Amino acid sequence: MRPEESKELTARLERAAIFLLKHDIFRKPDDLARRFGLPVPVVRYWWRNVEDQTKEIIPDRDLTAKQSKMIRKATQVLESWEKVKRYRPECGAPLANGRRCKHNVVIRQPEGWDMGALADRCRMHGGASRRVRKKKQESDDD
Ligand SMILES: [Zn+2]
């Protein structure tokens, strides 16, 4: 997965999480994290960084069709995370035998999520490293 795609995916999850927390569909970041299998420190961090943490509670009966739809949509975005975790892209690093590595890319540790939840490589090929992997010279890379 390219770094931009991983960042975009992570930003989508963050927006959805903040939307649901803001509207008090989940009371605490920890509740939301557990429900969708996200790392608790990441969701706490997202919520801490929201400027205005006032909840906008809308009683069920007052929800407009549009608001209900947005809540459903945000829930779906977060539910998709389990699938993303299970079906992570292949690492694709070139191997000595001329094939490409088929291991799944790494899910980063919470402190690395600002670079995107998914790394672009598996654990063996540097996906777990804290720094963004620099592209090697063309001669070694392909
Ligand atoms: Zn690999």
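Basis of the calculations
- Residues numbered from 1 in each chain as written.
- Predicted model: local features only at pLDDT ≥ 70, side-chain atom pairs only at ≥ 80, totals over all residues.
- Axes fitted to C-alpha atoms, helices over the stretch in contact; angles between N-to-C directions.
- Helix = DSSP H or I, 4+ residues; strand = E, 2+ residues; numbered from the N terminus.
- Parallel < 35°, antiparallel > 145°, perpendicular 65-115°, else oblique.
- Left-handed = near helix turned anticlockwise from the far one by under 90°.
- Contact = placed C-beta atoms within 7 Å.
- Nonpolar A, V, L, I, M, F, W, Y, C, P; charged D, E, K, R; others polar.
- Core = buried A, V, L, I, M, F, W, Y, C linked by C-beta atoms within 7 Å.
- Buried ≥ 20, exposed ≤ 12 C-beta atoms within 10 Å, placed from the backbone.
- pLDDT = per-residue confidence, 0-100.
- Expected span 1.5 Å × (residues − 1).
- Arc of directions from axis to C-beta.

Viewed as axis vectors pointing N to C, helix α2 (residues 29-36) and helix α3 (residues 40-48) meet at an angle of 135°, and their least axial separation amounts to 8 Å. The angle between α2 and α3 places the two elements in the oblique class. When the axes of α2 and α3 are compared, the crossing they make is right-handed. Touching Pro29, Asp30, Leu32 and Ala33 of α2 are Val40, Val43, Arg44 and Trp47, all from α3. Tallied by class, the residues present in the contact of α2 with α3 amount to six nonpolar, no polar and two charged.

Where helix α1 (residues 3-22) contacts helix α4 (residues 65-86), the axes come no closer than 9 Å and their chain directions differ by 135°. Regarding the angle of α1 to α4, the classification is oblique. Crossing of α1 over α4 shows left-handed handedness. Contacts between α1 and α4 pair Leu9, Arg12, Leu13, Ala16, Ala17, Phe19 and Leu20 from the former with Met70, Ile71, Ala74, Thr75, Val77, Leu78, Trp81 and Val84 from the latter.

Here we take up the nonpolar core. Ranked by internal contacts, the top residues of the largest apolar core, which has 27 residues, are Ala17, Leu20, Leu32, Val43, Leu78 and Val105. Taken together, the elements giving at least two residues each to this core come down to α1, α2, α3 and α4. The leading source of residues in this core is α1, at five residues. Among residues more than four places away in sequence, those in contact with Leu78 are Leu13, Ala16, Ala17 and Phe36.

To continue, consider the confidence of the model for the chain. Per-residue pLDDT for the chain averages 91, and the proportion of residues at 70 or more is 92%. Mean pLDDT per element in the chain: helix α5 (residues 138-141) is the minimum at 46, and α2 is the maximum at 98. Counting interchain partners and residues more than four positions distant, the pLDDT-below-50 stretch residues 137-142 has four contacts.

Okay, the environment of Glu90 next. Within the fold, Glu90 resides in the loop between α4 and α5. Through-space distance from the C-alpha of Glu90 to that of Lys102 is 5.1 Å; in sequence the pair is 12 residues apart.

One non-glycine residue, Asp24, adopts positive backbone phi at about 60°. Relative to the helices and strands, Asp24 resides in the loop between α1 and α2. For Asp24, a count of 12 C-beta atoms within 10 Å puts it in the exposed group.

All right, on to α1 then. In a regular helix each residue adds 1.5 Å, so 20 residues correspond to 28 Å; α1 covers 28 Å between its end C-alpha atoms and thus fits that length. Taken together, the buried positions of α1 are occupied by Ser6, Thr10, Leu13, Glu14, Ala16, Ala17, Leu20 and Leu21. The arc that holds every buried residue of α1, seen down its axis, measures 165°, which confines them to one face. The exposed set on the far side of α1, more than 90 degrees from its buried face, consists of Glu4 and Ala11.

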